[in-house]
Amino acid sequence: MKIIFILTIMLFLAQSVKAQDSTTVSVKKEKISAQNENNRDPLIDKKMKDDVFIDKDGDGICDFRTKGMSFEKLKRRNRQGPGDGKGKGKGNH
Amino acid sequence: MKTIIIIFALFISSTVLHAQFEVSSEFYRYSDDNIYNSAFKVSDNIYNTALNGAYNFSSNKNTLQVYNQNSMNYYQENIGTSSFFRKYGLADNLRLSDESQLNLGINYSIKNNREVFTLLDFTQISTYGNMRYSFSETDVLTGGYIYNYNNFNNFSLFSNSVHKTFLRFNSSFETETSLMLSCDLSAKLYSAELGNPASQAYQLNLYAQVGQSIAENTGLSLYFQLKSNLSQVTRSFVYDNTLFYQDELFNDVFSNEGYETGISFTKLFSSTLGLKAELVYTKRDYSMLPVLDFDGNIIAASRIDNQFGFGVEIQKDLSSYFQSLSAHINWNYLHNNSNDTFYKYDNQLFSAGLDYAF
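What you see is a predicted model; the values in this text were computed from it and never measured.

Asks: What's the story with the overall build of chain A in this structure? I'm lost.
Replies: Summing up its helical and strand segments, chain A has 3 helices and 0 strands in all. When the elements of chain A are put in sequence order from the N terminus, they spell out α-α-α. Put simply, chain A has 93 residues, and 24% of those count as buried. Carbon and sulfur atoms form 61% of the exposed surface of chain A, whose accessible area is close to 7,200 Å².

Now the structure itself:
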C-alpha cells in the first residue's frame, strides 16, 4: 500500500512538472512571438533578403543562387586589348 | 616555448596575408579551325596559360588593390602567332555611404607578339573612374569615364587616345525579371597629325538586356545593342604595294556600326554544375572599308557583314576536390557572310580548361 501511495505521488509530481514545462514553453513562445513582431529574428530577415530577386548580369538567374559560378570569365579573357591582328595583313595567311 | 610563439606568429601572419593576397591561374586548350577568321582557313591548337596576382589594402570603407596579370597564347603550329600579355594596375573602391561607392583605377598593359607579328605589338595606359549608386536593393545606377591611350609601337600612325563616358541602370523585379539599360559615348583621337582635319571619330552605343527566370535556377536573357558612328575616320597604311586599313590590323571598334542581338539560356543543375547556350546575330557596316577582290580591285564601296554565332558552355565547380578549382568546356560556331569574299568564313572553336585560385 505504501509503495502504491509513493508511486501515485511520484506520478502526480511528474505530471505537475510536465504541465509546468508546457506552460513555460507556451509563455516563452508567446514572448518570442511578441518580440518578433517588434524586432524580427535576424536569421528570418536574412532568409527574406536572400529571396529578393537580384540579377546583376541579366542572365535571368538570381545572383544569390549563382555565387561562385560565372559565365563571364571566358568573355573577359578574350577582351585583352585593342587589337588581335586578324585581317588581311601580310603574314596572316 | 619561443619556437612555439614564433610558429604561432608565423601562422597568424600567414593567415592575414592569405586574406589580403590573391593568386589565380588558368590553363586552357583551344582547338580553332580558323585562327585568322578569314576565307583562308588556318587551323591550330592554342594553349593559354595565365597567372594573376593581387594584394589588397583594406579598411572599413576603402579597398585598394594592386594587381598583375600575365598570360600567354601559344600556337602549336603557327608559333609566330603566339603572344604574351601583361597588365599592371591599381584599383580603388571607396564606399561613400550605404548607397554609393566610387571606383578609381589605372592600369598599364603590354602585348608582345613574335616574328613578323611584332609589328602588331602595343602598349596601353588606361584610367577610369565610376560612381555606383543604389536607389534600393534592386535598382542600381552606375556612371563613369574611361580614358585609354593605345600606343602601337611600330605603327605610330595608328596610335590614338579614346575617351569614353557611360551610364548604366540595373533593375530587378518581383516577377523575377531583370532589366539592364546602358549607353556610352566614345571619342577616338589619333595622336599623329597628318594635316588631315578628320582625325577624330565619335561613336554612340545603346544597350538593352532583359533577363527572365523561367524556373528554379533557369534563366532566359535577350539583348539588343545598337552601335552608331556619329563621325567616322580610319587610317590606312601602304606596305609592299598593299593597302592595310587599321581595322584589318588592330580590330578597330570604330571602323563599323550596326546592331547585335542575342538570346541566351542558362541552367544551373546544381550549385556546382551550370550550362549556358547562346545565339547571336550581328550586322556590321564598315562604311569606310572598300571591298576588294583578290587582285586588289575595288568592287564595292563598303564592306557589310552579317554574322551568326552559336555557343554552348558547361562549367563545373571542383572546389570539393581541390580548393577553388573549376573546369570549363566551350564550343562556339561562327558563320560570317560578307560582301568581301575574304571575310566569308566559318569558324569552330572548342575549348577546355581549368581555373584555380588561392
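Text resumes after the structure shown.
Asks: How should I be thinking about the pattern of salt bridges in this particular structure?
Replies: When charged atoms on two side chains of opposite charge get close, those side chains can pair. Residue and element names in this part refer to chain B. All chains considered together, the criterion is met by 4 salt bridges over all chains. Between Asp305 and Arg303 there is a salt bridge; the shortest N-O distance is 2.7 Å. Across the pair, Arg303 and Asp305 agree in class, each one buried.

Asks: How should I be thinking about the packing of aromatic side chains in this particular structure?
Replies: By convention here, two paired aromatic rings are described through the distance between centres and the angle between planes. Residue and element names in this part refer to chain B. If you walk through the whole model with that rule in mind, you get 18 aromatic pairs over all chains. Relative to Phe342, the ring of Phe40 lies with its centre 5.8 Å away and its plane at 50 degrees, an arrangement referred to as tilted. Pair noted here: Phe40 is in the loop between strand 1 (21-32) and strand 2 (44-58) and Phe342 is in the loop between strand 19 (325-338) and strand 20 (345-357), with a separation of 302 residues, a long-range link. When its relative accessible area of 37% is taken as the criterion, Phe40 is described as partly exposed. Note on Phe342: relative accessible area 3%, which makes it buried. Put simply, the rings of Phe40, Phe294, Phe342 and Tyr343 pair up and form one aromatic cluster. Stacked on the ring of Tyr286, the Lys or Arg Arg303 has its end atom at 4.0 Å from the ring centre. Directly above the ring of Tyr343 sits Arg303, whose terminal nitrogen or CZ lies 3.6 Å from the centroid.

Asks: What's the story with the nonpolar core in this structure? I'm lost.
Replies: Proteins that are soluble and globular tend to have nonpolar side chains buried together. All names here are of chain B. Phe152, Phe155, Phe158, Leu249 and Phe250 are the most contacted members of the largest nonpolar core, which has 15 residues in total. Of all the secondary-structure elements, those providing two or more residues to this core are strand 1 and helix 2 (246-250). Counting 5 residues, the second-largest nonpolar core is a separate cluster that includes Val162, Tyr190, Val233 and Phe254.

Asks: Which parts of the structure should I look at to understand unusual backbone geometry?
Replies: The bulk of non-glycine residues show a negative phi, and the bulk of peptide bonds are trans. Residues and elements named next belong to chain B. In this structure, Asn37 is a non-glycine residue whose phi angle is positive, near 45 degrees. Mapping Asn37 onto the fold places it in the loop between strand 1 and strand 2. The exposure class assigned to Asn37 is buried, which follows from its relative accessible area of 14%. Positioned with a positive phi, Asn217 is a non-glycine residue whose angle comes to about 60 degrees. Here Asn217 lies in the loop between strand 10 (200-215) and strand 11 (218-231).

Asks: Before we go on, may I ask you to explain the side chain of Ser82(B) in this structure?
Replies: One can find Ser82(B) in the loop between strand 3 (62-75) and strand 4 (83-95). In contact with Ser82(B), other than residues within four places in its own chain, are Asn73(B), Tyr74(B), Tyr75(B), Asn112(B), Asn113(B) and Arg114(B).

Asks: It is not clear to me how the environment of Leu96(B) should be interpreted in this structure. Could you clarify?
Replies: Residue and element names in this part refer to chain B. Tracing the chain through its elements places Leu96 in the loop between strand 4 and strand 5 (100-113). Taking C-alpha positions, Leu96 is 9.8 Å from Met131, a pair spaced 35 residues apart along the chain. Aside from chain neighbours lying at most four places away, what touches Leu96 is Gln101, Leu102 and Met131.

Asks: I would appreciate a short explanation of the confidence of the model for chain A in the present structure.
Replies: Regions with low pLDDT carry predicted coordinates that are not meant to be interpreted in detail. Residue and element names in this part refer to chain A. Considering every residue of chain A, the mean pLDDT works out to 48; 13% of them sit at 70 or more. Per-element confidence in chain A is highest for helix 2 (residues 42-50), whose mean pLDDT is 45, and lowest for helix 3 (residues 73-78), whose mean pLDDT is 36. Under a pLDDT of 50 for its full length, residues 11-49 has, in the predicted model, 5 contacts with residues more than four places off or in other chains. In the model, residues 65-93 has pLDDT below 50 throughout and makes 86 contacts with residues more than four positions away in sequence or in other chains.

Asks: Just to check I follow, could you spell out the environment of Tyr207(B) for this structure?
Replies: All names here are of chain B. Locating Tyr207 in the fold gives a position in strand 10. The exposure class assigned to Tyr207 is partly exposed, which follows from its relative accessible area of 23%. Residues Tyr207 and Gly262, 55 residues apart in the sequence, show an inter-C-alpha distance of 12 Å. Residues contacting Tyr207, with those up to four places away along its chain left out, are Met180, Leu181, Ser182, Tyr223, Phe224 and Gln225. Within polar-contact distance, the side chain of Tyr207 engages the side chain of Gln209 at 3.1 Å.

About the cut-offs
Residues numbered from 1 in each chain as written. Chains lettered and ligands numbered in written order. Predicted model: local features only at pLDDT ≥ 70, side-chain atom pairs only at ≥ 80, totals over all residues. Heavy atoms only, no water. Helix = DSSP H or I, 4+ residues; strand = E, 2+ residues; numbered from the N terminus. Buried < 20%, exposed > 50% of the residue type's maximum accessible area, 1.4 Å probe, protein only. Areas by Shrake-Rupley, 256 points an atom, 1.4 Å probe, with all protein chains shown as cover. Salt bridge = Lys/Arg side-chain N within 4 Å of Asp/Glu carboxyl O. Phe/Tyr/Trp six-rings, centres within 6.5 Å; stacked < 30°, edge-to-face > 60°. Lys NZ or Arg CZ within 6 Å of the ring centre and 35° of its normal. Core = buried A, V, L, I, M, F, W, Y, C linked by side-chain atoms within 4.5 Å. Contact = heavy atoms within 4.5 Å. pLDDT = per-residue confidence, 0-100. Polar contact = N/O pair within 3.5 Å; in protein donor to acceptor, adjacent residues only side chain to side chain.

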